[in-house]
Amino acid sequence: MNLELTETQTLIRDTARKFARERVAPQARAMDREERFPTELFRELAELGLLGVNLPSKYGGAEAGVVAYALAMMEMAAADASVSVAMAVTNMCAELIHAFGTDAQREKYVTRLTLGEAVVGSFALSEPHAGSDPGALLTSAVKRGDRYVLNGSKQWITSGAHAGVMVVWARTSGTGNKGLSCFIVEGGTKGLHIGRHEDKMGLRASNTVALTFEDCEVPAENLLGKEGDGFKLAMTALDGGRIGIAAQACGVARAAMEATVSYTKDRKAFGEAVAEFQAPRFMMADMKTQLSAAELLTLRAAYLKEQKQPFTREASMAKLFASETSNRVCDKAVQLHGGYGYIDEFPVERYFRDARVQTIYEGTSEVQRLVIARETFRLIG
Ligand code: CAA
C-alpha cells in the first residue's frame, strides 16, 4: 500500500476538508440541538463530487477512488458525523446501483444520487426484529404483471424521510438468506409511508425513521440484480459501507483528540496546564496511537477495494477497530475535559454521543468479529 497520496486523493481530501470546516462545522452544534437535517448542504456536496466519490464521471461521480472516498469521509465526520453518515449511505446506494444495475438503472438512479437530485439515498434493509440477521426480514415483494407489490416495515432507516432514491430489501421467495431481492424505490412512491422519527442519543442531525410499505407498487424494471440475489447484494454493499463507517469513526476520534489537545493546553490545574501532567500525556499517547492504527486499517481496506482485491475481512477489521477506538478516544476526551466534557458548550460531548452508534450500525462489533473469524478460517484453512 502506497502511503503517499495521489494528486486526486489530495484534492478530494482538501476539498472535503475545506467544505467541512467552512460550511458544516460552524452549524454542527445547532443542527444537533435542533435535530435539523441540512438538506441544502447535500446539493453542495453533490457539486463537489462527494456523493459519488468512487463512481465514473459518466454517472456524475468524481472518479477519485475508494481511498479518496475514505479520506473525504474522515474530513466530513470530523466536522459533523450526522452529515457524514448521510453522505456515506448515499455513496453506498449509488455504488450498489452502479455495480448491479442495468444501464437504464444506472442512467436514471446513479446520476440522480451523485448529482444530488435525490437529495440523498437510503438503504432499507433492517426491520424491527431483523438487524444483525437480515435473513429474518419479513417485508414481501409479490410480482403482479409488470410490478412488484411491497408490504412490510423497515426500521432505523438513515435519511429515510429525505431520500429521493432508496434501495429496499424484500422477500420474493424462500426462507432465511435465500429468496431476498433488492428494489430501487423512489421517495414519495404511493404506499410508502414515512413513520416515526427516532429520538436518538447522537447523530441528532441525521434523520432516522421507520418505513411502512403498504401495497407499494414498484415497476418490475426496478428490481436490482436478479430475484434471490438480495442477500449477496446487501453483503457486498455493506463491505464497502463498513469502510465508510470506519472512516467516520476515525474522523470523529480525530476531532475529539484535537479538541482535547487544545483544551488541555489551555486549562490549568495545580498551577500548570493539564497537558503538562503525565497522566493526560499518556492518555493522549494512547489516543493518538490507536487512532493512527485505525486510520491505517481503514485506508488499507479502501486501497484493497480500489485495487479490486478481496477486502471483506479488512473492511470488517477496520470497522471494528475504528469504531471501538472512536468510542475509547471520545470517552477519554470527555474525561480530560472534566465537567466541561459533560456539557454541550464543548464539542466532545457531541462526539461522545455520535461515536456510540458506530459499534452498532452497518454491522455490530460482534457481527464484524463473525466476519473476520469466518474469513480468517476460510482463507487460511
Ligand atoms: N460478499 C458477497 N457474498 C457474501 C458476503 C460478502 N461479504 N458475505 C456472505 N456472502 C454470501 C456467502 O458466500 C453465502 O453464499 P452461499 O449461500 O452461496 O454459500 C451467503 O452470502 C450466506 O453467507 P453466511 O452463511 O456467512 O451468512 P450468515 O447468515 O451467517 O450471516 C452475517 C452473515 C455476517 C452475520 C450477515 O448477516 C451480516 O453482515 N449481518 C449484519 C447486517 C448489517 O450489517 N446490518 C446493518 C444494517 S444497514 C445500516 O446500518 C445502514 C445505515 O443506514 C447506516
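The structure under discussion appears in the preceding block.
What you see is a predicted model, and the numbers here were worked out from it, not measured in a lab. Each chain has its residues counted from 1, running along the sequence as written. Local features in a predicted model are, by the rule used here, given only for residues with pLDDT of at least 70; side-chain atom pairs are given and counted only at 80 or more, and totals for whole chains, interfaces and linings are based on all residues. Note: side-chain values were computed over all heavy atoms of the structure, leaving out hydrogens and water.

Undergrad: Provide a residue-level description of the packing of aromatic side chains, including the pertinent values.
TA: Each pair of aromatic rings is reported with the distance of its centres and the angle of its planes. When two rings of Phe, Tyr or Trp (its six-membered ring) have centres within 6.5 Å they constitute a pair, described as stacked for plane angles under 30 degrees, edge-to-face for angles over 60, and tilted for the intermediate range. Overall, the coordinates contain seven aromatic pairs when judged by the stated rule. Note on Phe37 and Phe42: the rings are 5.2 Å apart at their centroids and 5° apart in plane angle, and the pair reads as stacked. Each member of the pair, Phe37 together with Phe42, is buried. Ring centres 5.5 Å apart and planes at 85° place the aromatic pair Tyr263 and Phe346 in the edge-to-face group. The buried label goes to any residue with under 20% of its type's maximum accessible area, the exposed label to any with over 50%, and the partly exposed label to all in between, with areas taken from a 1.4 Å probe on protein chains only.

Undergrad: Please set out unusual backbone geometry residue by residue, giving values where relevant.
TA: If you check the backbone angles, Glu63 has positive phi at about 55° while not being a glycine. In this text, helices come from DSSP runs of H or I with a minimum length of four residues, and strands from runs of E with a minimum of two, each type numbered from the N-terminal end. Inspection of the secondary structure assignment puts Glu63 in the loop between α2 (39-47) and α3 (65-79).

Undergrad: Any details on the site of the ligand? Residues and values, ideally.
TA: Working definition: residue near molecule or strand if any one of its non-hydrogen atoms lies within 4 Å of it. In the vicinity of the ligand, 23 residues are found, and the nearest of them are Ser132, Thr158, Asn177, Asp239 and Arg374. Between Lys178 and the ligand, the recorded distance is 2.9 Å, taken from a side-chain N or O atom to an oxygen atom. Here a polar contact is taken to be a pair of N or O atoms separated by no more than 3.5 Å, where protein atoms must pair a possible hydrogen donor with a possible acceptor and residues adjacent in sequence count only if both atoms sit in side chains. The side chain of Asp239 places a nitrogen or oxygen atom 2.8 Å from a nitrogen atom of the ligand. Of all the cavities here, the one that holds the ligand is the largest pocket. Per-element tally for the shell around the ligand: the top contributor is helix α6 (residues 230-266), with seven residues. Taken together, the residues of the shell around the ligand sort by class into nine nonpolar, eight polar and six charged. Where each domain begins and ends is defined by an automated method or by a domain database. Counting the residues that make up the shell around the ligand, at least three belong to each of domain 2 (122-230) and domain 3 (232-380). Cavities and pockets are found on a 1 Å grid laid over the protein atoms alone: a cavity is a set of points where a 1.4 Å probe fits but cannot escape, a pocket is an open set with protein on both sides within 12 Å along at least five of seven lines, and a lining residue has an atom within 4 Å of such a point. For a molecule to be placed in a cavity or pocket, more than half of its atoms must lie within 2 Å of the grid points of that cavity or pocket. When residues are sorted by character, Ala, Val, Leu, Ile, Met, Phe, Trp, Tyr, Cys and Pro go into the nonpolar class, Asp, Glu, Lys and Arg into the charged class, and all the rest, Gly among them, into the polar class.

Undergrad: Break down the environment of Ala79 for me, citing the residues and quoting the values.
TA: With respect to the secondary-structure elements, Ala79 resides in helix α3. Looking at Ala79, the relative accessible area reads 7%, which means it is buried.

Undergrad: Could you give an account of the nonpolar core, naming the residues involved and the relevant values?
TA: Among the nonpolar cores identified, the biggest contains 118 residues, and Met76, Phe123, Leu150 and Trp169 are the most heavily contacted of them. Here, residues are in contact when the closest pair of their heavy atoms is within 4.5 Å. Discounting chain neighbours no more than four positions away, the residues touching Phe123 are Val89, Met92, Cys93, Ile157, Val167, Trp169, Ala234, Ala237 and Leu238. To qualify as a nonpolar core, a set must consist of buried Ala, Val, Leu, Ile, Met, Phe, Trp, Tyr and Cys residues joined through side-chain atoms within 4.5 Å.

Undergrad: How would you explain the environment of Gly195 if you had to name every residue and give the values?
TA: Mapped onto the elements of the fold, Gly195 is located in strand β6 (residues 192-197). On the basis of relative accessibility, which here comes to 31%, the residue Gly195 falls in the partly exposed class. As for Gly195 and Gln155, which are separated by 40 residues in sequence, their C-alpha atoms are 8.9 Å apart.

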